[in-house]
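Residues per chain, in single letters:
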Amino acid sequence: MNLSKKPYKGCRDLFPPEKLRQDYLFQRMRQTAQLFHYQPYDGPLLEDIELYRAKSGEELIGEQVYDFIDRGQRHVAIRPEMTPSLARMIAQVHRELPKPIRWYSIPNLMRYERPQRGRLREHWQFNCDIFGAPAGEGELELLQLLIHLLESFGAGQEHFEIKINDRRLMENFFKQKLKINNEQTGQLYRFVDRYQKITHDQREQQLAAIQLSEEQKDLFNAFLEIKNFTELQLYFQNENELLVDIQQLMENLQSLNLAQYVEYDPFIVRGLDYYTGLVFEVFDKHPENRRALCGGGAYDNLLALFNEKPLNAVGFGLGDVTLKDFLLTHQLLDEKEIHKPPLLITFQDQIAHLYAKKICQAFRSNDQQCEFLMTPIKINKAFDYAQKKNIHFVVLIGQDEFNNAQFQIRNLEKRESSYFQLKEIKANLLEGL
Ligand code: HAM
């Protein structure tokens, strides 16, 4: 049999360099979540398909979910997103927990998509969600958390922007101004969500299928012309009560010096059906990478699936593929921090084998990462090996060092050697060499 060495379409084999980079991203995500005191959780890879049917939206359930009948005749799905599993878990415990509940997770998810830049069939997604926060507070905190994470990589206003909208505002516009029915509302949400991803002809076709009158079309097109929050205020100038929440959020962001990242955008409606309030997406500003890095929003009714009373919730998902593309595009990945080279321990004569092992052990006891070369090696070969692995410091133990109960540390960049004894090994010994 001649099996392919390639992974399944749209999935990645994460070889050590890529896995190290992914781990580095995860570490930053965890640090940020913990800084805001979010607690970790995880859930199963498989769920009952019904969990997604109700609220995850037509695209996810109709086109993207991987589902199958298991050996016990249950119809199951590989999780395409984490939020329904989270809601299921929260439904079990929320009554006993003090509010707000702040949880985070970094699950891998599967979606049957056409693989392309920023889109794969398997991706990992940093999820942060907050339940039971006072109105507007969860939204603000999650935007702060997101900005903190991106800033921690050195990203700023020139690199990314957060576009926001409010489903309540859209609902009002659809129902009160356009006066369309529920079915048309659903269709228009999907249309707006996909607007910037489809061609002019597809737009015309889809809009025709929604059967808006000429007057409705004009109103709708005029709404989509709104470019920012100031224009939104002008548009709704006689109905300010609709803008109270967004206005409050913008003011809070202003006083926290974060408003420069956030702008109103009527195209942000989100493809998932469960959102009920503020919705947002984070975009890379680089013209070649105009994908959303992250999407989220407020969803108050997901617990109703489990016969629970509504509990206000806000959350986001940030993809590892899109984050990596973003950071690489803007050269914000610090390779030195990701691939921290170890200290290479070598010995040149078999007699020093055990002594070298002791040195290695002493370094590790002092938290120094070490790689042990298990057989005697000539000095030049040791240097070649170190260079191939990007290692800067090498311990050398020849006859002389062994006889004097010493060892040599060679700094390959500076081409300098220093000599030590076993008992001199301490934490951070390499600093300053
Ligand atoms: P989503 O917009 O479907 O939201 O996904 C969030 C982010 O995950 C996207 O902005 C994108 O960066 C990344 N992502 C999604 N699909 C793929 C893919 N096929 N390949 C690579 N990256 C992808 C949700 O999933 C919501 N459940 C987020 C949420 C959490 N809302 C509330 N809490």
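Basis of the calculations
- Residues numbered from 1 in each chain as written.
- Predicted model: local features only at pLDDT ≥ 70, side-chain atom pairs only at ≥ 80, totals over all residues.
- Heavy atoms only, no water.
- Near = heavy atom within 4 Å.
- Polar contact = N/O pair within 3.5 Å; in protein donor to acceptor, adjacent residues only side chain to side chain.
- Areas by Shrake-Rupley, 256 points an atom, 1.4 Å probe, with all protein chains shown as cover.
- Helix = DSSP H or I, 4+ residues; strand = E, 2+ residues; numbered from the N terminus.
- Nonpolar A, V, L, I, M, F, W, Y, C, P; charged D, E, K, R; others polar.
- Buried < 20%, exposed > 50% of the residue type's maximum accessible area, 1.4 Å probe, protein only.
- Axes fitted to C-alpha atoms, helices over the stretch in contact; angles between N-to-C directions.
- Parallel < 35°, antiparallel > 145°, perpendicular 65-115°, else oblique.
- Left-handed = near helix turned anticlockwise from the far one by under 90°.
- Contact = heavy atoms within 4.5 Å.

**Student:** Before we move on, could you go through the site of the ligand and cite the residues and values that matter?
**Tutor:** Not every one of the 26 residues close to the ligand is listed here, only the nearest: E81, T83, E113, L120 and Y275. At a separation of 2.9 Å, an oxygen atom of the ligand approaches a polar side-chain atom of R270. When isolated, the ligand has an accessible area of 660 Å², and the protein chains bury 96% of it. Broken down by secondary-structure element, the contributors of at least two residues to the shell around the ligand are β7 (122-131), β11 (292-298), β12 (313-319) and α12 (320-329). The class makeup of the residues in the shell around the ligand is 10 nonpolar, 10 polar and 6 charged.

**Student:** How would you summarise unusual backbone geometry if you had to cite specific residues and measurements?
**Tutor:** The peptide bond linking K99 to P100 adopts the cis configuration, its omega dihedral lying at -5 degrees. Looking at where P100 falls in the secondary structure, it is placed in the loop between α4 (83-93) and β5 (101-105). Not every positive phi belongs to a glycine, and Q331 is a case in point at roughly 50 degrees. Here Q331 shows up in the loop between α12 and α13 (335-338). Overall, Q331 belongs to the exposed group, its relative accessible area being 73%.

**Student:** Can you tell me about the packing of helix α1 (residues 16-35) against helix α5 (residues 137-152), naming the residues and giving the values?
**Tutor:** Here α1 crosses α5 at 140 degrees, and the two axes come no closer than 10 Å. Between α1 and α5, the interaxial angle falls into the category oblique. The handedness of the crossing between α1 and α5 is right-handed. Facing R28, M29, T32 and L35 of α1, the residues of α5 in contact are L145, H148, L149 and S152. Split into classes, the residues belonging to the contact of α1 with α5 amount to 4 nonpolar, 3 polar and 1 charged.

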